[in-house]
Structures are given as structure tokens and as C-alpha cells.
Amino acid sequence: MTVFIVRRLMQSVVILLVMSVIVFLGVFAIGNPVDILISPDADQLERERAIRALGLDLPLWEQYFVFLKNAAVGDLGRSFVFNEPALRLIFERMPATLELAFTAVVLSLIVGIPLGLYAGLRPQTVTSKGIMAGSIVGFSLPTFWQGLMFIMVFAVMLGWLPSTGRGQIGSFLGIKSSLFTQDGLAHVILPAVNLALGNAALIIRLTRAGVRETLLQDYVKFARAKGLSSRRVVGVHVLKNILIPLVTVVGLEIAGLIAFAVVTESIFAWPGMGKLIIDSINQLDRPVMVAYLMMIVLLFIIINLIVDVLYSVIDPRVRLQDVKG
Amino acid sequence: MTIAKRTVGVALGAALGLAAGPAAAQDLAVALGASVTSLDPHFHALAPNNSIAQHVFNNLVEQDENQKLIQGLAVSWSARGDDKWIIKLRPGVKFTDGSDFTAEDVVASIKRIAWVPNSPSAFTIYTKAIKEAVIVDPLTLELRTDGPYPLMPNDLSNFFIISKKSVEAPTEDFNRLTAAIGTGPYKYSDYARGDRIVLERNEGYWDTKPEWKKVTFRLITNPAARVAALLAGDVQMIEAVPTADIEKLKRNPNLSLAQAASNRLIYLHMDHQRDTTPFFTDKAGKPLAKNPLKDLRVRQALSKAINRDGIVERVMEGVSVPAGQLLAESFFGTSKNLPPEKYDPDGAKKLLADAGYPNGFGVTLHGPNDRYINDGRVIQTVAQMWSRIGVDAKVEAMPWATYAAKATNQEFSIFLVGWGSGTGETSSTLRSLLATFNRETGMGQANRGRYSNPELDKVLAEALRTVNSAKRGELLAQASEIGIRDVGVIPLHYEVSTWGLKKGLTYVGRAGQETLAMEVRTAK
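The rules behind the values
Residues numbered from 1 in each chain as written. Chains lettered and ligands numbered in written order. Predicted model: local features only at pLDDT ≥ 70, side-chain atom pairs only at ≥ 80, totals over all residues. Heavy atoms only, no water. 1 Å grid on protein atoms, 1.4 Å probe; cavity = no way out; pocket = protein on both sides within 12 Å on 5 of 7 lines; lining within 4 Å. Points joined across faces, edges and corners; volume = space filled by probe spheres on them. Helix = DSSP H or I, 4+ residues; strand = E, 2+ residues; numbered from the N terminus. Nonpolar A, V, L, I, M, F, W, Y, C, P; charged D, E, K, R; others polar. Domains from an automatic or database assignment. Contact = heavy atoms within 4.5 Å. Buried area = accessible area lost by both parts, 1.4 Å probe. Salt bridge = Lys/Arg side-chain N within 4 Å of Asp/Glu carboxyl O. Core = buried A, V, L, I, M, F, W, Y, C linked by side-chain atoms within 4.5 Å. Buried < 20%, exposed > 50% of the residue type's maximum accessible area, 1.4 Å probe, protein only. Pairing = 2+ DSSP bridges. Axes fitted to C-alpha atoms, helices over the stretch in contact; angles between N-to-C directions.

Enquirer: Describe empty space enclosed by the protein, and please don't skip the residues or the numbers.
Expert: Residue and element names in this part refer to chain B. Enumeration according to the criterion identifies 2 cavities of 30 Å³ or more in this entry. Considered as a void within the structure, the largest cavity measures approximately 50 Å³ in volume. Residue contributions to the lining of the largest cavity peak at 4 residues, all from helix α2 (residues 47-56). For the lining of the largest cavity, the per-class residue count stands at 6 nonpolar, 4 polar and 1 charged. Taken as a whole, the second largest cavity holds about 40 Å³ of empty space. Lining the second largest cavity, in full, are A79, G81, D82, D83, K84, W85, T145, G147, P148, Y149 and V467.

Written as C-alpha cells, this is what we have:
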């Protein structure tokens, strides 16, 4: 397994390099950031000075080379508009995004697995059909609309929850998070539910499909015949066997929630990484865009690795090794 | 069961509601529509950053809500001879760290502006006319220039004065608040980048102290979310109310609105330079052999074909003012003789026929779709209006991030842009948009159509040398008339900015579109 992990990490470096080229070419193609950044009152000489100050006068390959050289020592560049290191900006925003993604994943699991189990075990009941219909609604609603409706209903009309923003930050065991204060929890509910709904729907459907398939397997029949209680059949034999697809999807979902909660973060003015990246794109803040995308690639690589390792833990038949073609 | 559920719901709501907490009477929460990226007042000449900095730092000369120049940290300014300005500073002003404000702080600020590293847009554009700043005594400064420079007071209203202690402080030190020592009505108390900026009243402020002890600016860039935050009572004020929501908010008994005509002109720029221009074709789609925009009659026809009242009424929901020149008439240097061009499709058709295009032509109109109020819809409407005079107009709208560079590189033929006059007079607009493009003198730097008219250049150059205000105003008006009558650009409308407030609060809207907490007051 160690060999597997080491080899995977080495492949990751290659992926990162390839990605950096693609990202660099991509942001270069969008346009010249100076025209966005510069004050309209600035004259031609000031424009030329700004281009030089930001290192945009160098040819593309040279800019890329400078980037690589700095990246090798952990410096992914300095934001044009914040005048701070891009990585610092990203790490500064990370806790907000992580707590939102974490809450959303936990919520979608708490809601998704039990409902999915129920729908899988009793597929013909009205409740099950209701759950399945509801799950279709769950992932077909556009997040931005759904988010605005949540704000309208729970913040504007009922006044129960704050409309936008992140609440007070508390600290627990040295970790700082808004999840540790009442005000913070009040703020996180709406955006987290908004993110969780679509995922919960997906988990319901996956769980149900898994359960339906597993129930027909011989080992379940055997367990039943042995006279095991149905709680044990479902809780141990069924649940354990549907975990593999669930872990895959949840892993990717976590990565997706962290990287691309852009819509929810902007609607709820949640100061996370998604909002940072969208602001950076609008302002063509190249260093932040590049650093962010590199971080996200790394994140996906790591989560995929964790998912692979988890497989082998959950299912002893899985051996981690490279596929030789 | 339903009752039990409802009780739980209410209890939950009450508990969470309490947590959100009613704000104290002296607190104000404001939602801003644009990102504030830095608290360093000298790092990036950018409207949202400047608007926040105005709470903490003062300029030597300040602008009132109509951009008239008023006393700031300077109590008087006068030109002496052809190359000197004498600035008398306000006595008795203290920085928030307790030190006295003197001429040394001004010199330090000018020095820091030229030094601040990595600036994507430096404030040197406002200090470059100052060749030397000489301290005569602690409260008197002599600013030396090359030749007469009447715009000095306007420039002095555009850069902030910091404490000399921060002269070598990097941007990070301002963002950490340690170097952010100012003389303004507020001081920073907390900064969560990308989320909020919290200000605390400066109890030692030299002028009238503002009503609010603590002000929280929240950055809510999504317009719908900003409106929702106001409706939910999470904030008491928002800026940049979307035009579609204005009617709804007007009818809401708990809210009130403040509006002000801005210094921002929305106009069409045209390619005056090239002999053939890429986006003009005949009706069959073949490129035209010569650039029709070089013919005054074509430019006039395109302008006459636009129903400006219609755009204001239908697209802008009444929230803009039809434009006939570079700035609304109330501003300095405007002409009394330039009403908005009348909608006249028949006259436009005739002009096109006279110019040799009796059947019109095809054109692609370009514009941004996320920069100005309803910009994407404005260009669609203009294109439809043009089709009535036989011009087949296609529309291509794109995000500002990709649009700006293309517009600057002259990749379009006719395209929509906006211009806000930071100095509140037409000199800014004339020299940027209509003066002949010249890298060395810095004239026409935003003249993306490369309009060039020696007569206008001459009058404008004279205006920029004339220190006497009345005389300069007349010359600027004259230059505006030359440029507009020659249709150097096609003015469409002046934007009107709208703020939404909780009932009982008042705000005098500002032409510069800034949102200033010290100007928010409880209605008496």
C-alpha cells in the first residue's frame, strides 16, 4: 500500500504540472488584467508602469517560468488587488468554506442515508414514493433560486434566521470556527441546507439503489434464513455493502462542495474560497486564480487517494495496486 | 403534534433571533455592493476602496455631495504666480494616535504614494503635477508645478493624508490596522477580508462627529442578497439597489430610498481612426470598403435614431437621466446649449441616405453585461432602435473582465462604455475621452475610438492652463460643444444611483456614488 501511495503522489506532481500549464494559458487568454485594475483616470505612462509592476510585460513563457520557480519554494504569487500572497488569502478563507462544506455533508448524510434505507426496504409504500419524488425536486432545483427562496422565507418573512454572512467566531480546543457559537450556527443553517439538499437527494437515490440490489444477494437471504434480526441484517450486512459507492460519491461531493460552493457563497455572502475565486475572476486577479485552481487540483487528488484507501478498509477484497495495462 | 411542532419552531426562532440580536441605537450596518480589497488608502485607486478610506482618512480638499470642492485638511488654497500653489493647513487637527497633523504628514503622504509597491493603479496620477512640496511652516505648504496647473485643488481632493509614521508601512500593515492612522471621523476596529469592515467613531474628530458610534460595512456583492439583507433587517442600509427592485422597495412601508444623479455618463464610443472598421458590413454581410463612422452624417444618424427617453423609461425603469453632453448640466464646465439629441428616425434615415447609405448597413454593437446598470439590455435596445432606420444591428455583450482589454485594444467598431468624472468637472471627461490620444502628454488616455479634433484640443489645452474658474468653465463648455456637435461620442444617459435605507434614516445621495456612514442620519 505504501508503494501505491508513493507512486500516486508522484503521478500527482505530473498532474499538477500539466494543470499549471493549462491554467496559465487559460487565464492568459481571458485578457489583460491591467485594463480592469487600472483607474480610468490613469494616463498611458501610468498604464505602462502598472503593467511592469505586475510583471505582465514579460512574455508568457517567462511569466510561467517565474511562477514555477517561485512555486517550487511554496510561493504561488501575490494578489494584484489585495497585495498579499495568494496562498495566504486562500488559507484565510478556507475555514469558512470547510465549515460550510462539513455541515452540508453531515446534514446530507443524516437526511440521505435513513431516507434512502427506508425507500429501499419498503419501495412500494406511499412514503417511499414521496421520498423519491422529493429527491427529484431536491436535485433539480437550481441552487441560486432555492437559496434566494430560503432567504425570503426564513429571513425576510419569518425572521427566524439571519439572511446572509458568517456569524461570530468561537474557539474550541484551539480551533476557531463559527460553528462553536449560537450566532455562528444561526448563520450557517441556511447556506448549509441549501448546499445539502441536492447532495441529500443524490445520497437517497444511491442508498435506495444499493439497498434494492443488496437485498437480492445470497448472503442477505442466508442471513435472513439464519434467523438474524432484520435490524442486524440491514445494519450490518446491507449497510456495509452499499458503502462503497456512497464513499466514492461523498468523497467527490466533499471536494465539489469545497471547491465550487461559489453560487451559495455569493448568494449568502459567505466569505469563503468560492467567493474569493469569483471575485478574483471578475477582477482578473491572475495569481489568486492560478493558486486557487492549483489548490483545488491538489484537493481532488488527495480526496481521491483517501477514497481509494477507504475502499480497502471497507472491502477487504480490494487490494491497492497499480493497474498494469 | 402540530402545536408542539409550532412551539419548537417559535422557540428555535426566538433563540436564534436573539443570537442575531437587535443592534444598539448607535450602531449602523451597511451592505456594500462591491469588494473592498485593501485598507491601504494609497495602494489601489479604486472607487470602493476610496469610499471606505474616506471614513478614516481626510483629503486636503474635500468634495461635497455634488463634487463641489470644500475645505478639508486644508483651509485655503491659492495659486501664486504660474508655478506655485500655497496651501494653508487646518490647525488643531490630531491623528487617532494623538499626534498633531502638520505639513510633514502631507509631504510623507505624497512620498508614500510614489513608493507603495505592486500598485495595480497608483495615486501618482493625482500627485504627478507636484514637482516639489516645500514646507514653509508647520501649517503652510508650497506646491511647485511646471507651469500653470488649475486642477491642483481637484487633485488634492483625490488622495488621502496619512500619518508620517506610516510613510514606509507596507500594505499589509494597513490591512492589519497597525499603520492605518488617520484624521477622519472613524477609525478601523476590525477587518475580515472579503466579509466585513468594522469602524469605530473617532471621538477626537476635528469636525462634526457622526451619529453612529459603530459602523459595520458588509460586503454583499450579489444584488438580490443585498436587498434581502435589507428586507430582513440585517442591515439598515444598502447601496446599488437593482432597478428592478426599486418599485417594490418604494412601496415597502418599512424602507425609504435615497437617489442622486451621478457623475457617470453612459455613451457609445466609435472607431474614428481606421479607414475600414471590422464590424461594419453591407446588408449582405460583406465588410464595407470604408469606415462610415468617419462621416459626420452617419454619426448624427446613429445618435438621432436612439430614443433616449424610451431607454430611461423602459430599460432603466425611470432611474437615469437622458444625456446630451459629457456631464449633467449641474456640473462644472458643462454647456447650457446641449440638450439630449431628439429622437428623430426620419431625420436619421435622411442623413444616412445623404451619406450614401439609403438602405443602411449591418453593424455589431459591443458592450459589457456586468459593469453598468442594465448595460446588456441598453445595447439590445439601442440595436433595435437602429433597425428602425434600416441598420441591421447585432449585439454582442460580454463580461467586463474580457471586454475591457478588447475595448482598449480597439477591437470594436462601436461600443458602450461609461465614464465617471472623479473631479466632478468636464475637464476629466474631455481630456480622457475626446482629446487626441497622446502617450507623452497623457491626453486622450481612454479615447478608445481615437477621436481627434485639433479645434477641440486647442480650446481644451487653453482651459487646462486657465486658473480663473469662470473663464475655465466657459472654455470647457465650449470644448464640450465642439466635441458633442461633431458627435465624437454618442451620449446615452447619466446613471442615477439608489440607496435603500430603513425607514427613519436619511442619506443625501452623492454624485460620486460613494456610501458614507457619516452622512447617514436619523430623520428628525
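After that view of the structure, there is still more to cover.
Enquirer: Which residues make up the domain arrangement of chain B, and what are the values?
Expert: Residues and elements named next belong to chain B. Along its sequence, chain B is organised into domain 1 (24-245) and domain 2 (261-495). Relative placement of domain 1 and domain 2: their C-alpha centres are 32 Å apart. Contacts between domain 1 and domain 2 engage 12 residues on the former and 21 residues on the latter. Here domain 1 and domain 2 share an interface that buries about 1,200 Å² over both sides, 52% of which is from carbon and sulfur atoms. On the domain 1 side of the contact with domain 2, Q67, P150 and T243 bury the most area, a combined 47% of that side's loss. Taken together, the links from domain 1 to domain 2 amount to 0 salt bridges. Here the side of domain 1 that touches domain 2 is composed, by residue class, of 5 nonpolar, 6 polar and 1 charged.

Enquirer: Run through the nonpolar core, naming residues and quoting values.
Expert: Residues and elements named next belong to chain B. Among the nonpolar cores identified, the biggest contains 159 residues, and L60, L268 and W386 are the most heavily contacted of them. Each of two domains, domain 1 (24-245) and domain 2 (261-495), supplies a minimum of three residues to this core. Discounting residues that sit within four places of it in the chain, W386 has contacts with L268, L302, A305, I306, V363, L365, V391, A393 and I414. Residues A179, V215, A260 and L505 belong to the second largest nonpolar core, which totals 35 residues.

Enquirer: Give me the sheet that holds strand β6 (residues 84-89) of chain B: which residues, what numbers.
Expert: Residue and element names in this part refer to chain B. Strand order in the open sheet formed by 4 strands is β5-β6-β8-β7, with antiparallel pairing between adjacent strands. Each edge of the open sheet is held by one strand with a lone partner, namely β5 (74-80) and β7 (132-137). Across the sheet, the mean angle separating the axes of adjacent strands is 20° when strand polarity is ignored. By the bridge criterion, 5 bridges tie β6 to strand β8 (residues 140-144) in an arrangement that is antiparallel. Bridge pairing in β8 places W85 opposite L143.

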